Amino acid sequence: MIVVTEGYVAGGADRVLANLLPCFSEMQIKLLVNHNLDTSVLLGQSLPSNVNLWKYSWLTPADIGNWAATATLPAVKLGRRILSVLLRYPVDFFLFLRFLRYFKKTKPDILFINNGGYPGGEVCRMAAIAAVALGDIKIIHVIHNMADRPEKLFIPLEFIIDRIIEQCGCFVAVSEAVAKSLCQIRKLKSQVVTISNGLQTLDPPIYHECKIPLKFLQVGYLGETKNQKLSIMAMGVLARQGIKGIEITFAGKEIDDGYLHGLKELARQLGVSEQIHFMGFVKDIEGLYPQFDAVLLTSIVEGMPMCILEAMRAGRPVIATNVGGVSELIEHGKTGCLLKSLEPDELAGIWKGLLENPSVLKHMGVRAYEDFMKQFTLNIQANRYLEIFDSEVCN
């Protein structure tokens, strides 16, 4: 089996793949990774002995896009942006040829594609098209995030690429919401199988009585998509009412330049700096959850967030924006709370209720752990993939 992955921000999709690889111990696996990728999560632990890593150095559209974004002068930035647009599909064709040649040489039985969103950074799609062209490779194309609409300029080309991609044996979506976006936004007519992410089970969680100040953990890279500003603004709402009973620790590295500084400045302006803490990237993230009362997620877009599964495994409830597949994990009022909007007043209102009755958090955490054990273990997830490998579904 050949595994192709591409994600320029180390995150949940990498963690899912890292967890799954040891479950495929009966297969000989070649793992293809772009040498420019942040592999701190994917390669954070030693690869199984049956996995052979190959870091390729082929030029990709994402590489060109990142190069264009490094320009500081507006005129230079515009010129590079135009060039990156013009080179996108020629570079795609180059990638297709490289994968076609590589697959002819290696003759894989299965191609396992670990794609962040769709279309993502293009490498995964070109690998899929090359496998379709050869015609004798079983293709499992895993999508972790919501599908994006094509830019108007590229709609005709994207339509052609999507019609070719449809010839893949099947797509695997990590949530029903992701599956729906593939069918509705990209109009993909190939079969989409939903396999929820899972985690290795650990010792049963230790529950504690929650006391004020309530301590919240928010996990994820620091950037506009994760929307940590919402949490700080909600703390500002409480601060204006004289309420200081919430503390937040942010675990994740900055990916949008200046975003961390902006968060700190916002906290200073709202008078809540002493209630927030920034840890940066944390390698042993699992060990953090038991130290907190609950978990926050304020993202604008998500597929199936791994931080929610990690919280459930630790017996901690989650307050989260109701985006993507989040509602497939959280039962509102039972295992956590779902935000109906991106308004800080709503989150602040939930916090006020919890401050009046903090014992609710423990009860929700117990229910969350029960749901995790029933539906979201790594064993359940891995067995679903092994069934697909052995079936005719993705032929």
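See above for the structure.
## Here we look at the sheet that holds strand 1 (residues 2–6)
Pairing in this open sheet of 7 strands is parallel, and the strands run 3-2-1-4-5-6-7 from one edge to the other. Two strands bound the open sheet, and with one partner strand each, they are strand 3 (51–56) and strand 7 (192–194). Between one strand axis and the next, the sheet turns by 20° as a mean value, whatever way the strands run. Here 4 bridges tie strand 1 to strand 2 (residues 29–34), and the two strands are oriented parallel to one another. Residue pairing across strands places isoleucine 2 opposite lysine 30, the latter belonging to strand 2. Seen against the sheet, helix 1 (residues 12–20) touches strand 1, strand 2 and strand 4 (110–115) and runs at an angle of roughly 145° to strand 4. Along the sheet face, helix 12 (residues 378–390) touches strand 4, strand 5 (138–143), strand 6 (170–173) and strand 7 and points at about 150° away from the line of strand 5.

## Brief notes about the sheet that holds strand 8 (residues 214–219)
On the basis of which strands lie adjacent, the open sheet formed by 6 strands has the order 10-9-8-11-12-13 and parallel pairing. Each end of this open sheet is capped by a strand with a single partner; those strands are strand 10 (276–280) and strand 13 (336–339). Pairwise comparison of adjacent strand axes, ignoring direction, gives a mean angle of 20° for this sheet. Strand direction decides the pairing type here: strand 11 (residues 294–297) and strand 12 (residues 318–321), joined by 3 bridges, are parallel. Paired with leucine 296 across the two strands is isoleucine 319, which belongs to strand 12. Helix 7 (residues 229–240) rests against strand 8, strand 9 (246–251), strand 10, strand 11, strand 12 and strand 13 of the sheet, and its axis sits at about 165° to strand 9. Seen against the sheet, helix 10 (residues 344–356) touches strand 8, strand 9, strand 11, strand 12 and strand 13 and runs at an angle of roughly 160° to strand 13.

## As for a nonpolar patch on the surface
Residues Leu157, Phe159, Ile160 and Ile164 make up a contiguous nonpolar surface patch of roughly 360 Å² in combined accessible area. Checked against the element boundaries, isoleucine 164 lands in helix 5 (residues 155–165).

## Looking at the pattern of salt bridges
Applying the stated rule across the entire model yields 17 salt bridges. Among the salt bridges present, the one from arginine 186 reaches aspartate 162, with a minimum N-O distance of 3.0 Å. In this pair, arginine 186 is assigned in the loop between helix 6 (176–185) and strand 7 and aspartate 162 in helix 5, connecting sequence segments 24 residues apart. Residue classification places aspartate 162 among the buried positions, given a relative accessible area of 3%. Of the charged contacts in the structure, one is a salt bridge between arginine 268 and glutamate 265, with a shortest N-O distance of 2.4 Å. Taken together, the residues span about one helical turn, with arginine 268 and glutamate 265 both in helix 8 (residues 259–270) at a distance of 3 residues. Judged by relative accessible area, glutamate 265 falls into the partly exposed class, the value being 26%. Taken together, the shared-partner salt bridges in this structure form one network comprising Arg88, Glu122, Arg125, Glu158, Asp162 and Arg186.

## Description of the packing of aromatic side chains
A full pass over the atoms with the stated rule returns 16 aromatic pairs. The interplanar angle of 80° and the centroid separation of 5.6 Å between the aromatic rings of tryptophan 54 and tryptophan 58 together place this pair among those described as edge-to-face. With a centroid separation of 5.0 Å and an interplanar angle of 35°, the aromatic rings of tyrosine 56 and tryptophan 58 are classed as tilted. Overall, the relative accessible area of 6% leaves tryptophan 58 in the buried class. Site record: aromatic cluster; members linked through ring pairs are Trp54, Tyr56, Trp58, Phe99, Tyr102 and Phe103.

## Structural notes on the environment of phenylalanine 372
Mapped onto the secondary structure, phenylalanine 372 falls in helix 11 (residues 359–375). Residue phenylalanine 372 is classed as buried on the basis of its relative accessible area of 0%. For the pair phenylalanine 372 and isoleucine 308, spaced 64 residues apart in sequence, the C-alpha to C-alpha distance is 9.9 Å. Apart from residues no more than four positions distant in its own chain, phenylalanine 372 is found in contact with Leu199, Gln200, Thr201, Leu309, Met312, Arg313 and Thr377.

## Some remarks on unusual backbone geometry
Glycine aside, the phi torsion of most residues is negative, and most peptide linkages are trans. Cis geometry is adopted by the peptide bond preceding proline 119, which originates at tyrosine 118 and carries an omega value of 10°. Counting through the fold element by element, proline 119 comes out in the loop between strand 4 and helix 4 (123–134). A cis geometry characterises the amide bond from isoleucine 212 onward to proline 213, with omega recorded as 5°. Positive phi, close to 50°, is recorded for lysine 107, a residue that is not glycine. Positionally, lysine 107 belongs in the loop between helix 3 (74–106) and strand 4. For lysine 107, a relative accessible area of 62% puts it in the exposed group. Located in the positive-phi region is asparagine 227, a residue other than glycine, with phi close to 60°.

Conventions adopted
- Every chain is numbered on its own, with residues counted from 1 as its sequence reads.
- Under the rules for a predicted model, residues below a pLDDT of 70 receive no local features and side-chain atom pairs below 80 are neither given nor counted, while totals for whole chains, interfaces and linings still include all residues.
- Only hydrogens and water are removed before side-chain values are computed, so all heavy atoms of the structure are retained for them.
- Pairing between two strands requires that DSSP report at least two bridges joining them.
- Strands are runs of DSSP state E lasting at least two residues, helices are runs of H or I lasting at least four, and both sets are numbered from the N terminus onward.
- Angular values range over 0 to 180 degrees, each being the angle between N-to-C directions of two axes fitted as lines to C-alpha atoms, with helices fitted over their stretch in contact.
- When checking whether two residues touch, look at their non-hydrogen atoms; a contact exists if any pair is within 4.5 Å.
- Patches draw on residues past 30% relative accessible area with no salt bridge. Two like charges within 9 Å are joined, as are two nonpolar side chains (Val, Leu, Ile, Met, Phe, Trp, Tyr) within 5 Å.
- What sets the accessible areas is the Shrake-Rupley method with a 1.4 Å probe; for residues, cover comes only from the shown protein chains.
- By definition, a salt bridge exists where a carboxyl oxygen of Asp or Glu is found within 4 Å of a side-chain nitrogen of Lys or Arg.
- We call a residue buried when its accessible area falls under 20% of the maximum for its residue type, exposed when it is over 50%, and partly exposed in between, using a 1.4 Å probe and counting protein chains only.
- Classification of ring pairs rests on two measures: the distance between centres of Phe, Tyr or Trp rings, Trp counted by its six-membered ring, which must be within 6.5 Å, and the angle between planes, read as stacked under 30 degrees, edge-to-face over 60 and tilted in between.

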